[in-house]
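Working through the structure, step by step
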Amino acid sequence: MLRGRVFSNSDSAQYQDERAAELSREQNEKTIRSTQTALRNFREFLISKYPSETREIYVIPCKELDAYLASFFVDARQKDGSEYEPNSLANYQCGLERYLKEHRYGYSITRDKEFKRSQEALKQKQIELRCKGKGNKPHKSMKLTFADELILRKRGLLSRYNPEGLLNLVWLNNTKAFGHCTGFHGSTLKWGDIRLRVTETGLEYLEWMGPDNGDINAKSKRGGTDSRVYATQHSPQTCPVQDYKEYAQRRPPAMRYEDAPFYLSIKPVVNLAALHWYNCQALGKNKLAKMVKTMCEKGNIPGRKTNFSVYQSCSTLSEAQSNQLVLICNNLSQQAAQSMASHTNTGNFIVSASYDSSSDTA
């Protein structure tokens, strides 16, 4: 079993403070990006419709700025000519509000009566867009169903037997088990946030040890069964603990310390017979944000699937589904063993990091 160092109370408090600060920085980065996007789109709109207007928006008198904003909310379009989502326009209003506040503008465009015209224009535009079907069904994430997961397993995109499949599998397990704790902050997840432990009866389990997403400033670590996932001894091929242990073995030894990034990037070229498949480098934020989308596109699974699709899925399986999953995983394990033995006899089997599993198992 892999063991981490023991934290003292002072170490634990420092660790929690550092993690809280890291999560806060990430949230601030998202807010900054949102503000910049709102400002960029509004400026582009002004250039296209009012080319003579070259002033910074924080020096434009409120009456004129109110008129510009009203026009923006009514007439602005995306680059492909389609209309914005209702929430996007509201987010732009909030982003511009933050920017104006930073530059000590004398009015609030979201609250003050001086901007009543643009406020009403935004409300009416949102109503109009929702009547057209915007803001809900067309862009809603669809559940990642049990049938979807079976397809991903059959095509090697959820698998212990290749680096991409194993990374996807561990991410999915963690999100299902600890998503309520981590809040999908995958880029800030550390190796020490999830620990492998053993009960008095010898049953292995994984326990969430990181900060509670609902209270990132908490000084004590989470406890209780809601932060644990137990080994399934009756079906080792579908066991999340075994997936974790396989991922631990495939990591470079230098990446097994407490503060190492949990999710690592895949080596550019991987020898499947080699012990280590991953770099001493964190997986990028953009790739983590598109884990479900990417695997579903490669698996040719229809519908709009995002990381949020995992939250929408049912976490418990029926007995029939569990038996079906066990059977499929056992078959895939046998096929993988036969394939590995075949490649061992003929030399190394080399794959690229963009592993295409569409031709794996049908």
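In this report, the structure presented in the accompanying data block is examined. Quick caveat, the model's predicted, so the values are computed rather than measured.

Counting its secondary structure elements, the protein contains 11 helices and 7 strands. Going through the 362 residues of the protein one by one, you find that 44% of them count as buried. Counting only contacts in the protein whose residues sit at least 6 apart along the sequence, the fraction spanning at least 24 positions is 69%. Total accessible area on the protein stands at roughly 19,400 Å², and carbon and sulfur atoms take up 50% of it.

Packed helix pairs are characterised by how far apart their axes lie and by the angle those axes make with each other. The interhelical angle for the contact between helix α2 (residues 62–75) and helix α3 (residues 86–102), taken along N-to-C directions, is 155°, at an axis separation of 11 Å. The pairing of α2 with α3 is recorded here as roughly antiparallel in orientation. For the pair α2 and α3, the crossing hand works out as right-handed. Contacts from Leu65, Leu69, Phe72 and Phe73 of α2 reach α3 at Leu89, Tyr92, Gln93, Leu96 and Leu100. Looking at side-chain class alone, the contact of α2 with α3 contains 8 nonpolar, 1 polar and no charged residues.

Attention shifts here to the environment of Ser108. Note that Ser108 resides in the loop between α3 and α4 (116–131). With 10 residues separating them in the primary sequence, Ser108 and Arg98 have C-alpha atoms 9.4 Å apart. In this structure Ser108 touches Glu97, Phe115 and Gln119, once residues within four positions along its chain are discounted. Within the structure, Ser108 has its side chain in polar contact with the side chain of Glu97 (distance 2.6 Å).

Turning our attention to the sheet that holds strand β1 (residues 194–198). Read across the open sheet, the 3 strands follow the order β1-β2-β3; overall the sheet is antiparallel. Of all the strands in the sheet, the pair left with one neighbour each is β1 and β3 (228–230). For this sheet, the mean inter-axis angle between neighbouring strands, taken without regard to orientation, is 25°. Relative to β3, strand β2 (residues 204–208) is paired through 3 bridges, and the arrangement is antiparallel. Bridge pairing in β3 places Leu206 opposite Val229. Its contacts with the sheet place helix α7 (residues 240–250) against β1, β2 and β3, and it is angled at close to 75° to β2.

A separate point is the packing of aromatic side chains. Aromatic rings considered in pairs are described by the distance between their centres and by the relative angle of their planes. Taken as a whole and assessed by the stated rule, the structure comprises 19 aromatic pairs. Arranged with centres 6.1 Å apart and planes meeting at 50°, the rings of Tyr58 and Tyr99 form a pair that is tilted. Of the two residues, Tyr58 is situated in the loop between α1 (9–49) and α2 and Tyr99 in helix α3; the sequence distance between them amounts to 41 residues. For Tyr58, a relative accessible area of 27% puts it in the partly exposed group.

Relative to the assigned elements, Val270 resides in strand β5 (residues 269–271). Of the residues examined, Val270 reaches a relative accessible area of 1% and is grouped as buried. Here the alpha-carbon distance between Val270 and Asn162, two residues 108 residues apart in the chain, equals 9.0 Å.

Running from N to C, α3 and α4 cross one another at 160°; their axes reach a closest spacing of 9 Å. As summarised for this structure, α3 and α4 are arranged roughly antiparallel, according to the angle between their axes. The chirality of how α3 crosses α4 is left-handed. Listed contacts from α4 to Pro86, Asn87, Leu89, Ala90 and Gln93 of α3 are Gln119, Leu122, Lys125, Gln126, Leu129 and Arg130. For the contact of α3 with α4, the residue count by class is 5 nonpolar, 4 polar and 2 charged.

This part takes up unusual backbone geometry. Its identity as a non-glycine residue notwithstanding, Arg104 has a phi of 60°, on the positive side. Turning to its location among the elements, Arg104 is positioned in the loop between α3 and α4. Take Arg104: its relative accessible area is 78%, and that puts it in the exposed class. For Asn300, which is not a glycine, the phi torsion comes out positive at approximately 55°. If you trace the backbone, Asn300 turns up in the loop between α9 (291–298) and α10 (308–312).

Definitions and cut-offs
- Residues numbered from 1 in each chain as written.
- Predicted model: local features only at pLDDT ≥ 70, side-chain atom pairs only at ≥ 80, totals over all residues.
- Heavy atoms only, no water.
- Helix = DSSP H or I, 4+ residues; strand = E, 2+ residues; numbered from the N terminus.
- Buried < 20%, exposed > 50% of the residue type's maximum accessible area, 1.4 Å probe, protein only.
- Contact = heavy atoms within 4.5 Å.
- Areas by Shrake-Rupley, 256 points an atom, 1.4 Å probe, with all protein chains shown as cover.
- Axes fitted to C-alpha atoms, helices over the stretch in contact; angles between N-to-C directions.
- Parallel < 35°, antiparallel > 145°, perpendicular 65-115°, else oblique.
- Left-handed = near helix turned anticlockwise from the far one by under 90°.
- Nonpolar A, V, L, I, M, F, W, Y, C, P; charged D, E, K, R; others polar.
- Polar contact = N/O pair within 3.5 Å; in protein donor to acceptor, adjacent residues only side chain to side chain.
- Pairing = 2+ DSSP bridges.
- Phe/Tyr/Trp six-rings, centres within 6.5 Å; stacked < 30°, edge-to-face > 60°.

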